[in-house]
Amino acid sequence: MATLNVGNLGEYLREQRRNAQLSLRQLADAAGVSNPYLSQIERGLRKPSAEVLQQVAKALRISAETLYVRAGILDERERDELETRAVILADPSISERQKQVLLQIYDSFRKENGIDAPEDGPRTAAGSDADSPPSV
């Protein structure tokens, strides 16, 4: 896990808040945190928890993973993998089985390219084997 980089995080949050045309107080209310606490985060004086970052991300309608990367909680490559998986799983135009097959293929390409599979094993349907070729 990387060290927290709260200065960079604070600047980014301020920029996102301004882009959303929210005052500090409005964002604090929407995120369920105190106005002074949010101000301290923006100024780089506080290290927010992952839970607070998730609440702020939801209020700003941005990816919580992006904030985790900015805060040093999540590695950028991990975020990219999570976002790729989320996009596949959220696609309403393909079946659950097709989603699982795509995730198996994705895992096999990552493994082939020397990128470790997820620590808890492949994120596929129960009982399937990620090393076997997927059948559609």
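Here the structure is a predicted model, which is why all the values come from computation and not from measurement.

**Q** Talk me through the environment of Ser63; I want residue IDs and the actual numbers.
**A** Tracing the chain through its elements places Ser63 in the loop between helix 4 (50-60) and helix 5 (64-71). Those residues in contact with Ser63 that sit more than four places away from it in its chain are Ala57 and Glu83. Within the local environment of Ser63, its side chain forms a polar contact with the side chain of Glu83, the two groups lying 3.3 Å apart.

**Q** Mind laying out the packing of helix 5 against helix 6 (residues 76-90), listing which residues take part and the relevant values?
**A** Put simply, helix 5 and helix 6 touch, their axes get as near as 9 Å, and they point 175 degrees apart. In terms of orientation, helix 5 lies roughly antiparallel with respect to helix 6. Facing helix 5, whose interface residues are Glu65, Thr66 and Val69, helix 6 presents Glu76, Arg79, Leu82 and Glu83. Split into classes, the residues belonging to the contact of helix 5 with helix 6 amount to two nonpolar, one polar and four charged.

**Q** Any details on helix 4? Residues and values, ideally.
**A** The set of residues buried in helix 4 consists of Val52, Leu53, Val56, Ala57 and Leu60. All buried residues of helix 4 fall inside an arc of 135 degrees around its axis, so they share one side. Relative to its buried face, helix 4 has exposed residues pointing more than 90 degrees away, namely Glu51 and Lys58. Phi turns positive, to about 60 degrees, at Arg61, one or two residues after helix 4.

**Q** Describe the environment of Ala57, and please don't skip the residues or the numbers.
**A** Counting through the fold element by element, Ala57 comes out in helix 4. Sequence-wise, Ala57 and Leu67 are ten residues apart; in three dimensions their C-alpha atoms are separated by 7.2 Å.

**Q** Run through unusual backbone geometry, naming residues and quoting values.
**A** Positioned with a positive phi, Gln21 is a non-glycine residue whose angle comes to about 55 degrees. Here Gln21 shows up in the loop between helix 1 (6-19) and helix 2 (24-31). Of the residues examined, Gln21 reaches a relative accessible area of 70% and is grouped as exposed. If you check the backbone angles, Arg61 has positive phi at about 60 degrees while not being a glycine. Along the chain, the position of Arg61 falls in the loop between helix 4 and helix 5. The exposure class assigned to Arg61 is exposed, which follows from its relative accessible area of 79%.

Criteria and cut-off values
Residues numbered from 1 in each chain as written. Predicted model: local features only at pLDDT ≥ 70, side-chain atom pairs only at ≥ 80, totals over all residues. Heavy atoms only, no water. Helix = DSSP H or I, 4+ residues; strand = E, 2+ residues; numbered from the N terminus. Contact = heavy atoms within 4.5 Å. Polar contact = N/O pair within 3.5 Å; in protein donor to acceptor, adjacent residues only side chain to side chain. Axes fitted to C-alpha atoms, helices over the stretch in contact; angles between N-to-C directions. Parallel < 35°, antiparallel > 145°, perpendicular 65-115°, else oblique. Nonpolar A, V, L, I, M, F, W, Y, C, P; charged D, E, K, R; others polar. Buried < 20%, exposed > 50% of the residue type's maximum accessible area, 1.4 Å probe, protein only. Arc of directions from axis to C-beta.

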